[in-house]
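What follows is the residue order along each chain.
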Amino acid sequence: MRAVMAALTAMAAVTSASAFDVVEEGKLTVAFTGDMPGSGWQDGQLIGYDGEIMQVIANRLGLAVKPALMEWSGTIASVEAGRVDVMLGTMGWTEKRTEIMSLSEPIHYFKNGIMAPAGSGWDSLADLEGKTIGTITGFSFVPELESIPGVTVNLYDTSDAAVRDLLAGRIQAVIGDPPVVGYAIKQNPDWNLEFKAFTDNNPDYPLLTGLGQVVFGFNKGDDDLRQAADAIILEMWQGCGMRSIGEKYGLSDAVWFTADGENFRAGVDRPDDYQLPQCN
């Protein structure tokens, strides 16, 4: 509750949209990939799970969204360079990313896993040994994936490209964003693919097997904007608004909204006594 009140106080201090040092006055320039169910653009509005939440934030802050659709590999660099105000697209929190961006409160949690032909049953790091695995350029867990014995990692600019190679038999599995992977499988049952979350909880592979937090990345030059967004995010957690949005996009299970795992952020980009929000 203390964190919620502090964030609400920060938001109350913002009197108008002009108080933010944004790329273009009166607008929130948002970098996103267009990978559903995380993000998309339709009828002048951000859609998808991440997109709807960001649209709520922009509306509440009196900012018009200016879309900046791009490949994942360009999103973080665009924020760091100040070409956009914020990026979204099921981005996981990592300590390294706190050095180049101001990261928001989590908007949902996740466990990584393996997308593979149905019936494979692969759900552990050991199942990947000796195989050729596809993933996306810039994903935080790539170094961990590359360190698994005998694994060959193929990097792709988009999830679509990785899945095409999986269906063509050029790779044996894909490690991608769990919401994106699950949504794609649900929309395409003829692919005959499955997704299974890692059953490992291996401290040597924390990004692959630990509790993931999906966050927004803001330019460090205007932390007031991130704090104002956090106040709205925490308010949405209090009313379980996150889960209501998630149900539209297949994120209805409690696992997406339960902080069941190690809290890596306390003492890093949050106070030592920081507690992760969740929907009770």
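Conventions and cut-offs
- Residues numbered from 1 in each chain as written.
- Predicted model: local features only at pLDDT ≥ 70, side-chain atom pairs only at ≥ 80, totals over all residues.
- Heavy atoms only, no water.
- Helix = DSSP H or I, 4+ residues; strand = E, 2+ residues; numbered from the N terminus.
- Rg over C-alpha atoms; globule rule 2.2 N^0.38 Å.
- Buried < 20%, exposed > 50% of the residue type's maximum accessible area, 1.4 Å probe, protein only.
- Areas by Shrake-Rupley, 256 points an atom, 1.4 Å probe, with all protein chains shown as cover.
- Lys, Arg positive; Asp, Glu negative; His and termini not counted.
- Charge placed at Lys NZ, Arg CZ, Asp CG, Glu CD.
- Phe/Tyr/Trp six-rings, centres within 6.5 Å; stacked < 30°, edge-to-face > 60°.
- Lys NZ or Arg CZ within 6 Å of the ring centre and 35° of its normal.
- Pairing = 2+ DSSP bridges.
- Disulfide = S-S within 2.5 Å.
- Salt bridge = Lys/Arg side-chain N within 4 Å of Asp/Glu carboxyl O.
- Contact = heavy atoms within 4.5 Å.
- pLDDT = per-residue confidence, 0-100.

Asker: Got a sec to walk through the overall build of the protein? Specific residues and values, please.
Answerer: Per the secondary structure count, the protein includes 10 helices and 13 strands. Taken over C-alpha atoms, the radius of gyration comes to 18 Å for the protein, in line with the 19 Å a tight globule of 280 residues would show. Each principal axis of the C-alpha atoms in the protein carries an extent, and together these give about 55 × 40 × 35 Å. When burial is assessed residue by residue, the protein has 52% of its 280 residues classed as buried. For the protein, the accessible area works out to roughly 12200 Å², and carbon and sulfur atoms hold 47% of it. One finds the centroid of the 19 positive side-chain charges in the protein at a distance of 2 Å from the centroid of its 38 negative side-chain charges.

Asker: Could you give me a rundown of the packing of aromatic side chains, with the residues and numbers involved?
Answerer: Evaluation of the coordinates by the stated rule reveals 5 aromatic pairs. With a centroid separation of 5.8 Å and an interplanar angle of 35°, the aromatic rings of Y109 and W237 are classed as tilted. With Y109 in strand β7 (residues 108–110) and W237 in helix α9 (residues 223–238), this pair connects stretches of sequence that are 128 residues apart. Overall, the relative accessible area of 0% leaves Y109 in the buried class. With relative accessibility at 2%, the residue W237 sits in the buried group. Look at F139 and F141: their rings are 5.6 Å apart centre to centre, the planes differ by 80°, and that puts the pair in the edge-to-face class. By the burial criterion, F139 is buried, and F141 matches it. Here the aromatic cluster, defined as three or more aromatic residues joined through ring pairs, consists of Y49, Y109, W237 and F257. If you follow K131 out to its NZ or CZ, it ends over the ring of W122, 4.8 Å from the centre.

Asker: Account for the pairing of strand β9 (residues 132–136), naming residues and giving values.
Answerer: Counting buried positions over the 5 residues of β9 gives 5, a clear majority of the element. Of the two faces of β9, both are covered, the one formed by T132, G134 and I136 as well as the one formed by I133 and T135. The sheet contact formed by β9 and strand β10 (residues 152–156) spans 5 bridges and is parallel. Within the sheet, the bridge partner assigned to T132 lies in β10 and is T152. Bridge analysis of β9 against strand β11 (residues 173–174) gives 2 bridges, and the strand direction is parallel. In the strand pairing of β11, G134 is matched with V174.

Asker: Just give me the short version of the state of the cysteines, but keep the residues and values in it.
Answerer: Across all of its chains, the model carries 1 disulfide by this definition. Across the disulfide, C240 is cross-linked to C279 (sulfur-sulfur distance 1.8 Å). In this structure, the disulfide formed by C240 and C279 twists by about 115° around the S-S bond and is classed as right-handed. Of this pair, C240 sits in the loop between α9 and α10 (241–246) while C279 sits in the segment after α10; the two residues are 39 residues apart in sequence, bridging distant segments of the chain. The class for C279 is buried, based on a relative accessible area of 13%.

Asker: If you had to explain the pattern of salt bridges to someone new, which residues and values would you point to?
Answerer: For the structure shown, the criterion picks out 11 salt bridges. Between E24 and K66 there is a salt bridge; the shortest N-O distance is 2.8 Å. With E24 in the loop between α1 (2–12) and β1 (27–32) and K66 in strand β4 (residues 64–69), this pair connects stretches of sequence that are 42 residues apart. We classify K66 as partly exposed; its relative accessible area is 37%. Residue E105 pairs with R270 through a salt bridge whose shortest N-O separation is 2.8 Å. With E105 in the loop between β6 (102–103) and β7 and R270 in the segment after α10, the pair connects residues that are 165 residues apart, well separated along the chain.

Asker: Explain the side chain of D222 residue by residue, including any values.
Answerer: Considering the arrangement of structural elements, one finds D222 in the loop between β13 (212–218) and α9. No salt bridge forms around the buried D222; measuring N to O, its nearest opposite-charge neighbour R226 is 9.5 Å away. Those residues in contact with D222, other than ones at most four positions away along the chain, are F20, D21 and V22.

Asker: Which residues make up the confidence of the model for the protein, and what values go with them?
Answerer: Across the protein, pLDDT averages 90, with 94% of residues at or above 70. Note that residues 1–15 has pLDDT below 50 and, in this model, 19 contacts with residues that lie over four places away or in other chains.

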